[in-house]
Amino acid sequence: MGCTITRDPIKIDEIYQQVVRREAGAVTVFVGTVRELTHGKKTLYLEYEAYESMALKKMEQIIDEIKQKWPAVKQATMIHRIGRLEITDIAIAIAVSSPHRPDAYEANRYAIERVKELVPIWKKEHWEDGEKWIGNQQGTKEYTAGKPEESDLLE
Amino acid sequence: MGCTITRDPIKIDEIYQQVVRREAGAVTVFVGTVRELTHGKKTLYLEYEAYESMALKKMEQIIDEIKQKWPAVKQATMIHRIGRLEITDIAIAIAVSSPHRPDAYEANRYAIERVKELVPIWKKEHWEDGEKWIGNQQGTKEYTAGKPEESDLLE
Amino acid sequence: MMLFAQLKEDVGKSSLEVEAAGKTVAELRELLENDTSLGSLDGIMVAVNEEFSKDDRVIKKGDVIALIPPVSGG
Amino acid sequence: MMLFAQLKEDVGKSSLEVEAAGKTVAELRELLENDTSLGSLDGIMVAVNEEFSKDDRVIKKGDVIALIPPVSGG
């Protein structure tokens, strides 16, 4: 029932089934797939690496945050795949169930934004003419996200 | 590839596969299921009825509206089940793919709101002590939706 | 004219024969409210050829007419 | 101290031995920037026991330290 990190293909029906509840009328599933083109550059494949124990902890923290912010949400979970992923492979799936749809959409959206801020997972893009860790330390960050907020820091 | 009305159980993996694209990095799937409790009343099961030909036309119209409003969206589709549905059965599934996630969330949300305004499908709730067509004509409308907008009317 | 949901149950069948050709949608509504057992059509839309139609639309011979109660799909 | 992604590739291994006990996170960062080949740690977070940590946190013996480059999962 908890969040998962896997090296196997993600099946969206499985994550969907995990959040179905008799009291929930709305389920949202977000699926992040490997896109062929980013900024006009053709990706051949991606490699994902995780600090697994911390990543799982942060994924569970995000689920807790959702349940605090949207108390009506019945269940939420997420799964992230690591290792080598080909174009259209699923990198992440997030499922949220709720009695009514606004909560299901909003909480799901919140979850993916938070993943991109504070879950220690990194991707390396492989192109025909090279490769690069995205969000890396050479000042070539591609996202304004990728950085935890002040409130995420322990003293 | 088009929208569907079915009497068979909806499989979310099938609708997901229909919108996957090499250029899309984000897919949202909304699933509307039969909820056990509405306003504290226990539903035993639902019956859905459709004006099928018009409903399909309106579902396709919504897909067209999405492609107009969110030109980056790669593919969108929806399927609605009719007939008798039990608690947790899937009544509707909507899938949208896009290169980036904001469009995928927003277009998907738009789609379900529009379905509830202008797709001629009706549900009848069955409780232990009775039954009722929801959104019916006796002034007991349960939704402010259920009515097309001015711009949806033909002269 | 096609009927659905509560209207279909009230009338006991899924269609009604009406003389609608040449009438506007508003005139059809009036006729239905006065001359049939349907009662008030407040909140009920009229679809002509699978499109929601305004009151001033004139119905032609062969048009497919349906009464659309507030929808509740999804 | 655990390394990931670009940092791991730069150093050529997934961990580094450092004397961190008793130091603050800020002092550890300074030490790493001056005394190792890691170079500038701008934009790199320090995690202590799987939590992102502020500069004034004091590292204790046995704490699990990791350098966290900007994340790019999802």
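Rules used in this analysis
- Residues numbered from 1 in each chain as written.
- Chains lettered and ligands numbered in written order.
- Predicted model: local features only at pLDDT ≥ 70, side-chain atom pairs only at ≥ 80, totals over all residues.
- Heavy atoms only, no water.
- Helix = DSSP H or I, 4+ residues; strand = E, 2+ residues; numbered from the N terminus.
- Rg over C-alpha atoms; globule rule 2.2 N^0.38 Å.
- Areas by Shrake-Rupley, 256 points an atom, 1.4 Å probe, with all protein chains shown as cover.
- Lys, Arg positive; Asp, Glu negative; His and termini not counted.
- Charge placed at Lys NZ, Arg CZ, Asp CG, Glu CD.
- Phe/Tyr/Trp six-rings, centres within 6.5 Å; stacked < 30°, edge-to-face > 60°.
- Buried < 20%, exposed > 50% of the residue type's maximum accessible area, 1.4 Å probe, protein only.
- Lys NZ or Arg CZ within 6 Å of the ring centre and 35° of its normal.
- Pairing = 2+ DSSP bridges.
- Axes fitted to C-alpha atoms, helices over the stretch in contact; angles between N-to-C directions.
- Contact = heavy atoms within 4.5 Å.

Helix and strand counts for chain C stand at two helices and three strands. Listing every helix and strand of chain C by position from the N terminus yields α-α-β-β-β. In summary, chain C has a C-alpha radius of gyration of 12 Å against a globular reference of 11 Å for 74 residues, a match within 12%. Dimensions of chain C, computed from C-alpha atoms along their principal axes, come out at roughly 30 × 30 × 20 Å. As presented, chain C carries roughly 3400 Å² of accessible surface, and 44% of it is formed by carbon and sulfur atoms. Each charge class in chain C was averaged separately, 8 positive and 14 negative side chains, and the resulting centres sit 5 Å apart.

A few words on the packing of aromatic side chains. Under the definition given, this model contains eight aromatic pairs over all chains. Ring plane angle 25° and centroid distance 4.8 Å describe the contact between Y51 of chain A and F4 of chain D, whose orientation is recorded as stacked. With Y51 of chain A in the loop between β4 (41–50) and α2 (52–69) and F4 of chain D in the segment before α1 (5–11), the pair connects residues from two separate chains. The exposure class assigned to Y51 of chain A is buried, which follows from its relative accessible area of 3%. Relative to Y110 of chain B, the ring of W70 of chain B has its centre 5.4 Å away and its plane inclined at 65°; by these criteria the two rings are edge-to-face. Pair noted here: W70 of chain B is in the loop between α2 (52–69) and β5 (75–81) and Y110 of chain B is in helix α3 (residues 101–118), with a separation of 40 residues, a long-range link. Members of the aromatic cluster, each reached through a chain of ring pairs, are Y51 and W122 of chain A together with F4 of chain D. R84 of chain A extends its terminal NZ or CZ atom over the ring of Y45 of chain A, reaching a point 3.6 Å from the ring centre.

Our next topic: the sheet that holds strand β1 (residues 4–6) of chain B. Spatial strand order, β1(A)-β5(A)-β7(A)-β2(A)-β2(B)-β7(B)-β5(B)-β1(B): eight strands in an open sheet with mixed pairing. The open sheet has two edge strands, β1 (4–6) of chain A together with β1 of chain B, and neither has a second partner. The mean angle between the axes of side-by-side strands here comes to 10°, regardless of whether they run parallel or antiparallel. Pairing of β1 of chain A with strand β5 (residues 75–81) of chain A involves three bridges; the strand directions are parallel. Following the sheet pairing, I5 of chain A is matched in β5 of chain A by H80 of chain A. Each of β2 (26–33), β5 and β7 (90–98) of chain A together with β2 (26–33) and β7 (90–98) of chain B touches helix α1 (residues 12–19) of chain A; the most contacted strand, β5 of chain A, lies at about 155° to it.

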